[in-house]
Amino acid sequence: MTSVINVNLPEQSYEIAITSLSYANAPSSLDQLGQQMASLKLGKKVLLVSNPTIFKHFGERAITSLTSAGFEVASCTLPPGERYKNLNSIQKLYDVALENRLERSSTMVALGGGVIGDMTGFAAATWLRGINVVQVPTSLLAMVDSAIGGKTGVNHPHGKNLIGAFHQPRLVLIDPDVLKTLPMREFRAGMAEVIKYGVIWDAELFAQLEASKRLDQLRYVKPDLIKNILTRSCQAKADVVGKDEKEGGLRAILNYGHTIGHTVESLTGYRLVNHGEAVAIGMVAAGQIAVDLGLWQKEDTERQNALIQKAGLPTQLPDGLDIEAIIEALQLDKKVKAGKVRFVLPTEIGVVTITDEVPSDIIRQVLRGM
């Protein structure tokens, strides 16, 4: 069974198609990729982008589906990991696009996690001033967050996602069966974004997560909860993006935990913690900042932190990270306005506010306590 969530936008709306998790040998939605894309009447040339590990698992199935639907398919694999999300990788994508004569009607298909999705989206946004992109996320984090909403980009040596563009996909195809091959650490990383949605938007999802005995491995999470995690998280993202496509206001709430989280990623060279782990650390920090400012109840931040720990995610800063370096790096955050860092801070479970009135001394105090 497939759930369809619509992302309603003024210029280019699209569908998020989510199939149910299956523990039998049922047909996979990945095998329907070509048919789904053909229904959108896209051009015949397709560039499938992945990393070697994901391509080994799913690449040939995706290519078979696409060629069976009449597409001409080329492929390109990029190294895995956030540290390769840079302009050098984009240049490789451009080279393959040129070699295969991709046209404005052509499509890049991102088969992978958040890194592949961000890079493929950015390459599609900038090749020939913009061609089609289809997102086929293979990690939990990409399924619930990064594949939806059109944020694309790469990292600069001094900051995460400083180079990028808004470029909406034509389709997001989510097949939860691919999560069965996802490393446990990456599954936990995705749970950070799921918990984020519970805190900022969906108190019922938060309660469902609290009711689950374990959240750290797919095998311990019931299929019904996986379905709810995907549909409720995707619906939350679709609702927010539909109201504010290019982050003029409301969409900034999706950055909960990311302000400090991105600095942790950047200062550790994208090697020590992954994105979800950094967001978890950032949510702990933001929650405590909200408590110290009198915006949030201590019991609620304890509930949040308990969920983060249940998901096997860190709640402490990495050893040796310099607090003053974090404070300085915050000034490079994309959300800085008139020199002030904007924080997304919770006021109750399911409700947040955005403020740039967080004194540096409060940030230091909270970080020192972590």
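Rules used in this analysis
- In this numbering scheme, every chain counts its residues from 1 along its sequence in written order.
- With pLDDT at 70 or above as the cut-off, local features in this predicted model cover only qualifying residues; side-chain atom pairs require 80 or more to be listed or tallied, and sums for whole chains, interfaces and linings still use all residues.
- Based on all heavy atoms of the structure, the side-chain values leave hydrogens and waters out of the count.
- Secondary structure counts use DSSP, requiring at least four H or I residues in a row for a helix and at least two E residues in a row for a strand, with both numbered from the N terminus.
- A radius of gyration in this sense is built from C-alpha atoms; the matching globule rule multiplies 2.2 Å by the number of residues raised to 0.38.
- Under the scheme applied here, a residue whose accessible area is under 20% of the maximum for its type counts as buried, over 50% as exposed, and between as partly exposed, the area being computed with a 1.4 Å probe on protein chains only.
- Shrake-Rupley sampling with a 1.4 Å probe provides the accessible areas, and residues are treated as covered by the protein chains on show and by no other component.
- Two strands make a pair as long as DSSP finds a minimum of two bridges between them.
- Axis definition: a line fit to C-alpha positions, over the contact stretch in the case of helices; interaxial angles, taken between N-to-C directions, run 0 to 180 degrees.
- In this description, contact between two residues means that some pair of their heavy atoms is separated by no more than 4.5 Å.
- UniProt positions are given in the numbering used here, feature names are shortened, and annotations may be inferred rather than shown by experiment.
- Any angle that falls under 35 degrees is termed roughly parallel, while one over 145 is termed roughly antiparallel, one within 65 to 115 roughly perpendicular, and all others oblique.
- Crossings are assigned a handedness: left-handed for a near helix turned anticlockwise from the far helix by less than a right angle, right-handed for a clockwise turn.
- In the scheme used here, Gly and all other residues not listed as nonpolar or charged are polar, with Ala, Val, Leu, Ile, Met, Phe, Trp, Tyr, Cys and Pro taken as nonpolar and Asp, Glu, Lys and Arg as charged.

Undergrad: Explain the overall build of the protein chain to me, using residue names and the numbers behind them.
TA: Each helix and strand in the protein chain was counted, giving 13 helices and 11 strands. Computed over the C-alpha atoms, the radius of gyration of the protein chain is 20 Å, within 12% of the 21 Å expected from 2.2 N^0.38 for a compact globule of 370 residues. The principal-axis extents of the C-alpha atoms in the protein chain amount to approximately 60 × 40 × 40 Å. Taken over 370 residues, the protein chain has a buried fraction of 58%. About 15,400 Å² of surface is accessible on the protein chain, with carbon and sulfur atoms providing 49% of the total.

Undergrad: Which residues make up the sheet that holds strand 3 (residues 45-50), and what values do they have?
TA: Taken together, the seven strands give an open sheet; going across it, the order is 1-2-9-6-5-3-4, and neighbouring strands pair in mixed fashion. Looking at strand neighbours, the two that pair on one side only are strand 1 (2-7) and strand 4 (72-77), the edges of this open sheet. Each strand of the sheet is rotated relative to its neighbour by a mean of 20°, with strand direction disregarded. Judged from the six bridges that link them, strand 1 and strand 2 (residues 14-19) form a sheet pairing that is antiparallel. Opposite S3, over in strand 2, you have I18 as the bridge partner. Contacts between helix 2 (residues 52-68) and the sheet are confined to strand 3, strand 4 and strand 5 (107-112), with strand 3 contributing the most and set at about 160° to the helix.

Undergrad: How would you summarise the UniProt feature "binding site: NAD(+)" (unreviewed entry) in the protein chain if you had to cite specific residues and measurements?
TA: What UniProt calls "binding site: NAD(+)" (unreviewed entry) maps, in this numbering, to G114, V115, I116, G117, D118, T138, S139, K151 and K160. You can see G117 is positioned in helix 4 (residues 114-126). Judged by its relative accessible area of 8%, G117 falls in the buried class. When near neighbours in sequence (up to four residues on either side) are disregarded, G117 contacts A110 and Q135. Tracing the backbone shows K151 in strand 7 (residues 151-156).

Undergrad: Which residues make up the pairing of strand 2, and what values do they have?
TA: Across the six residues of strand 2, five count as buried, placing the element largely inside the fold. From the end of strand 1 to the start of strand 2, which pair antiparallel, there are six residues. Note: strand 2 against strand 9 (residues 171-174), four bridges, orientation parallel. Along strand 9, the bridge assignment pairs I16 with V172.

Undergrad: Describe the environment of A211, listing the residues and the values that go with them.
TA: On the secondary structure map, A211 appears in helix 7 (residues 203-211). By relative accessible area, A211 is classed as exposed at 65%. Between the C-alpha atoms of A211 and I349, which are 138 residues apart in sequence, the distance is 15 Å.

Undergrad: Which residues make up the packing of helix 9 (residues 258-267) against helix 10 (residues 275-292), and what values do they have?
TA: Between helix 9 and helix 10, the shortest axis-to-axis distance is 7 Å and the interhelical angle comes to 135°. Between helix 9 and helix 10, the interaxial angle falls into the category oblique. In this structure, helix 9 meets helix 10 at a crossing whose hand is right-handed. Only H275, A278, V279, I281, G282, A285 and I289 of helix 10 make contact with helix 9, whose side of the interface consists of H258, I260, G261, H262, V264 and E265. Split into classes, the residues belonging to the contact of helix 9 with helix 10 amount to seven nonpolar, five polar and one charged.

Undergrad: For the packing of helix 3 (residues 87-99) against helix 4, give the residues involved together with the corresponding values.
TA: Where helix 3 contacts helix 4, the two axes come as close as 10 Å, and the packing angle between them is 60°. Between helix 3 and helix 4, the angle is such that the two are oblique. Pair helix 3 / helix 4 crosses with right-handed handedness. Along the contact surface, helix 3 presents L87, S89, I90, L93 and Y94, while helix 4 presents M119, T120, F122, A123 and T126. Residue composition of the contact of helix 3 with helix 4, grouped by class: seven nonpolar, three polar and no charged.

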